[in-house]
Amino acid sequence: MAGTGMGQGACDDRSAGVSVIIAAHRAHGTIVRAVQSLLDQDWTDWEAVIVSDDGTDYRPTLQAAGIDDPRLVFASTGRVGAGAPAARNAGLDAARLALVAPLDADDRFRPGRLSALAPLALAHGAAFDNVAVVRDEDDSPLLHLYEERQAPALLDGEGFVATSVPMFPVVRRDLVPGWDEDVNFCDDVVFNVRVLDATGPVPLVATPFYEYRQRAGSITFSADSGERAERCYRHVLDRLAGDGLGIRDDGLRHRFAQAIAAKRARNAAYEAAFKAGRCANFQEFLALGEG
């Protein structure tokens, strides 16, 4: 059982605490690693809001691994397969701290992430970091979102929509827009654009503190992932042409629509490469240099 003493960078009240929202669907095989990555942080003012979206209880799995910490909060969508956006919204409802950070149940935070990002998010509304894409089966690195010395100091909406790797910010709770439950597969993209629409340019930490794990059996490995992406992109374009997804900046909304159109074209190329057996998932496709 981990201690709860305040660590480096943490404060004596809850003003800079981070609610880490973990949407869990069939995640018993990876949830221990995700939570352990929080226990390994030197910023100790956090809570992990673990949201079951499969009707199961994740407490016994964690307890069997020796993890029984008062900072763990358990919630549920009350459904099975409601989707990551619904689970994250349920987690947001249960979250109690000033900052919010999503963490996929099969990913992990590298040590030092919260102490690097939380103060920046508190000061600027949000903060992003570089992302390391890692093959889960053998821990082999696939790519970084930004290679050495290529990461900008600030990230804005236009810079974000040019990326191809999922990003997971730490956001001040009062600026969290929530997740659109009718947008699946690319819900993180819409969330991040809406965050940046609210904040304007925010700090980007060049160190890859977020480890995005590519795992066999995940949605990005499924044979229909390209079709899922295409349906999502079409729906997002329909929303942009309708209510604009709540994006207030006209220029950003237009640029986002252009980026989604480009992503559709890239997705079509990925589909061709996948069917030809040249890659197993989209991140491997990007690593081929064809995206």
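Above: the structure in question.
A brief look at the structure comes next. Counting of residues starts from 1 at the beginning of each chain's written sequence and follows it residue by residue. Side-chain atom pairs in this predicted model are given and counted only at pLDDT of 80 or more, local residue features only at pLDDT of at least 70, and totals for whole chains, interfaces and linings cover all residues. Hydrogens and water molecules were not included; the side-chain quantities draw on all heavy atoms of the structure.

### Thoughts on the packing of aromatic side chains
Working definition: an aromatic ring pair is given by the centre-to-centre distance plus the angle between the planes. Our working definition: Aromatic contacts are taken between Phe, Tyr and Trp rings whose centres are within 6.5 Å, Trp giving its six-membered ring; a plane angle under 30 degrees counts as stacked, one over 60 as edge-to-face, and the others as tilted. Segments assigned H or I by DSSP are reported as helices when at least four residues long, segments assigned E as strands when at least two residues long, and all are numbered from the N terminus. Either the NZ atom of lysine or the CZ atom of arginine qualifies as a charge over a ring when it sits within 6 Å of the ring centre and within 35 degrees of the ring normal.
In the structure shown here, the tally under the stated rule is six aromatic pairs. Measuring from ring centre to ring centre gives 4.3 Å for Trp179 and Phe191, while their planes differ by 5°; the resulting arrangement is stacked. With a gap of 12 residues between them, Trp179 in the loop between β9 (170-172) and α6 (187-199) and Phe191 in helix α6 connect regions that are remote in the sequence. In this structure an aromatic cluster arises from ring pairing among Phe109, Phe168, Tyr210 and Tyr212. The ring of Phe109 has Arg113 sitting right over it, with the charged end atom 4.4 Å from the ring centre.

### Side note on the pattern of salt bridges
A pair can form between side chains of opposite charge whenever their charged atoms are brought close. Where we set the bar: What counts as a salt bridge is simple: a side-chain nitrogen of Lys or Arg found within 4 Å of a carboxyl oxygen of Asp or Glu. The buried label goes to any residue with under 20% of its type's maximum accessible area, the exposed label to any with over 50%, and the partly exposed label to all in between, with areas taken from a 1.4 Å probe on protein chains only.
By the definition in use, this model includes 24 salt bridges. Put simply, Glu230 and Arg264 hold a salt bridge, and the shortest N to O gap is 2.4 Å. A residue pair is termed long-range when its members are at least 10 positions apart, and Glu230 in helix α7 (residues 225-241) and Arg264 in helix α8 (residues 250-275) qualify at 34 residues. Residue classification places Arg264 among the partly exposed residues on the basis of a relative accessible area of 29%. One network of salt bridges, in which partners are shared, links Arg33, Arg108, Arg110, Asp136, Asp139, Glu211 and Arg213.

### Observations concerning the environment of Tyr270
For Tyr270, the position within the fold is in helix α8. Tyr270 sits 70 residues away from Gly200 along the chain, and the two C-alpha atoms are 32 Å apart.

### Regarding the pairing of strand β10 (residues 202-214)
Basically, it comes down to this: Pairing between two strands requires that DSSP report at least two bridges joining them.
For β10, a buried count of 11 out of 13 residues is recorded, marking the element as mostly surrounded by other parts of the structure. Both strand β5 (residues 108-109) and β10 contribute to a ladder of two bridges, which runs antiparallel. Bridging from a neighbouring strand, Phe109 pairs with Tyr210 of β10. Relative to β10, strand β6 (residues 126-135) runs parallel, the two sharing seven bridges. Paired with Arg135 across the bridge in β10 is Gln214. Pairing between strand β8 (residues 154-155) and β10: two bridges, direction antiparallel. The residue bridging Leu155 from the neighbouring strand is Val202, located in β10.

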